[in-house]
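Notes for the structure review
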Amino acid sequence: MKIKTISHQTLYTEYATINDIYYYQNNIINELDVNLAPDKNYLYVGTKYNYTKDGLGLELYSNSKAKYFGRFINDQRVSLGRFIINNKNYSYYYYGEIKGLYACGFGWHENYKESTYYEGMWNNSKKEGYGIEKYNKDNSVYQGCFSNGKKDGIGYYVWSDNSSYMGEWSRGTLEGYGIYHFQDGSIYTGLWKNNKMNGLGEFTFPELKTYFGFFERDKRSGFGVLIWYKEKKVFLGFWKDN
């Protein structure tokens, strides 16, 4: 349904009556709860050029309760956009760069059901590149690299008890070289595998002693050296699941 001509562009609604549209002004984003026609689940309000979406527009999907507001070129979402969805399966907000149907570039994302917030780079609607993710349930924070939606590369994570890890990640797990600061003041510097201390590393205890040697699944296993600095003692030998 054609509503109004604006220079070279025309404001249109698709699958709706004139009564479904209240105002198309600067505050259009506040008019998201416009009523849809009873037998349709999609509504577009915005500008068109040569019968394709072109310029600013608003999309509403009643089945999924999704809302998108942003810029279109040749029927495709481009540049900056705002996407909101709130139903029994998903509840989140995204504002940032869009390419077609996907978040692509820099953007902000808040998942209300999981209580997480992310700002950083995206590719094909997955976290990709550098970003910061906050977990509001336990106030933990990760900042670093992502790949295919998961922590991957170099990253820094701080847990709610103030323990922290700085180092390498692979597909969401601690993997490779990293430094972990424990809540009690202990520090481990070395290799990790599947979130466990695994391989050669150094573990410094708060009571002035240090172990340097091999680990397997978080336990001392293999050749190692334990030094008591205060007592000036040294133990050198092999360890087994200690």
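Please refer to the structure placed before this passage.
These notes cover the structure that comes with them. (Residues numbered from 1 in each chain as written. Predicted model: local features only at pLDDT ≥ 70, side-chain atom pairs only at ≥ 80, totals over all residues. Heavy atoms only, no water.)

Below, the discussion takes up the overall build of the protein. What the protein contains, in helices and strands, is zero helices and 19 strands. By residue count, 38% of the 242 residues in the protein fall in the buried class. Long-range pairs, those at least 24 residues apart, make up 11% of the contacts in the protein between residues at least 6 apart in sequence. On the protein, roughly 14500 Å² of surface is accessible, and the fraction owed to carbon and sulfur atoms is 51%. (Helix = DSSP H or I, 4+ residues; strand = E, 2+ residues; numbered from the N terminus. Buried < 20%, exposed > 50% of the residue type's maximum accessible area, 1.4 Å probe, protein only. Contact = heavy atoms within 4.5 Å. Areas by Shrake-Rupley, 256 points an atom, 1.4 Å probe, with all protein chains shown as cover.)

Taken as a whole, this structure holds 28 aromatic pairs when the rule is applied. For the ring pair Y95 and W108, a centre distance of 5.8 Å and an interplane angle of 20 degrees mean the geometry is stacked. Note that Y95 is positioned in strand 7 (residues 91–99) and W108 in strand 8 (residues 102–111), a separation of 13 residues in sequence. Here the aromatic rings of Y211 and F215 are separated by 5.2 Å at their centres, their planes lie at 90 degrees, and the arrangement is edge-to-face. A single burial state applies to Y211 and to F215, both of which are buried. (Phe/Tyr/Trp six-rings, centres within 6.5 Å; stacked < 30°, edge-to-face > 60°.)

This part is about the pattern of salt bridges. Enumeration according to the criterion identifies six salt bridges in this entry. For D75, the salt bridge goes to K53, with nearest N and O atoms at 3.8 Å. On the criterion of sequence distance, the pair formed by D75 in the loop between strand 5 (66–73) and strand 6 (76–86) and K53 in strand 4 (residues 52–61) is long-range, its members being 22 residues apart. (Salt bridge = Lys/Arg side-chain N within 4 Å of Asp/Glu carboxyl O.)

A few words on the pairing of strand 12 (residues 150–158). Pairing geometry for strand 11 (residues 140–147) and strand 12, over six bridges, is antiparallel. Residue Q143 lies in a different strand from strand 12, and its bridge partner there is Y156. Hairpin connection between strand 11 and strand 12: a loop of two residues separates the two successive antiparallel strands, and N148 in this loop has a positive phi of roughly 55 degrees. (Pairing = 2+ DSSP bridges.)

Once that is clear, we can look at the environment of I187. Structurally, the position occupied by I187 is in strand 15 (residues 187–193). When its relative accessible area of 27% is taken as the criterion, I187 is described as partly exposed. Spatially, the C-alpha atoms of I187 and E202 are 8.1 Å apart, while their sequence positions differ by 15 residues. In this view, I187 contacts I179, Y180, H181, F182, E202, F203 and T204; residues no more than four positions away in its chain are not counted.

Moving on to the side chain of E133. Along the chain, E133 turns up in strand 10 (residues 126–135). Judged by its relative accessible area of 7%, E133 is buried. Ignoring anything within four residues of it in the chain, the contact list for E133 reads Y117, Y118, K127, S140, V141, Y142, F146 and K151.

Structurally, the position occupied by K209 is in strand 17 (residues 209–216). Since its relative accessible area comes to 19%, K209 is described here as buried. In contact with K209, not counting residues within four places along its chain, are F203, T204, I227, W228 and Y229.

Next up on the list: the environment of E110. Its place among the elements puts E110 in strand 8. Judged by its relative accessible area of 28%, E110 falls in the partly exposed class. When sequence neighbours within four positions are dropped, the list of residues in contact with E110 reads S91, Y92, Y93, T116 and Y117.

Moving on to the pairing of strand 5. Judged from the seven bridges that link them, strand 4 and strand 5 form a sheet pairing that is antiparallel. In the sheet register, L56 faces strand 5, and the bridge partner there is R71. Counting the residues that bridge the hairpin from strand 4 to strand 5 gives four residues, and of these K65 lies at a positive phi of roughly 55 degrees. One ladder, built from eight bridges, connects strand 5 with strand 6; its direction is antiparallel. Looking at strand 6, one finds that G70 is bridged to G81.

Tracing the backbone shows V141 in strand 11. Note: C-alpha distance between V141 and Y156 (15 residues apart in sequence) is 8.2 Å. Excluding anything up to four places from it in sequence, V141 contacts I132, E133, K134, Y135, Y156, Y157 and V158.

Here we take up unusual backbone geometry. The residue N74 is not glycine, and still its phi comes out positive at about 55 degrees. Residue placement: N74 occurs in the loop between strand 5 and strand 6. Of note in the backbone geometry, N162 takes a positive phi value of approximately 75 degrees without being a glycine. Residue classification places N162 among the exposed residues on the basis of a relative accessible area of 64%.

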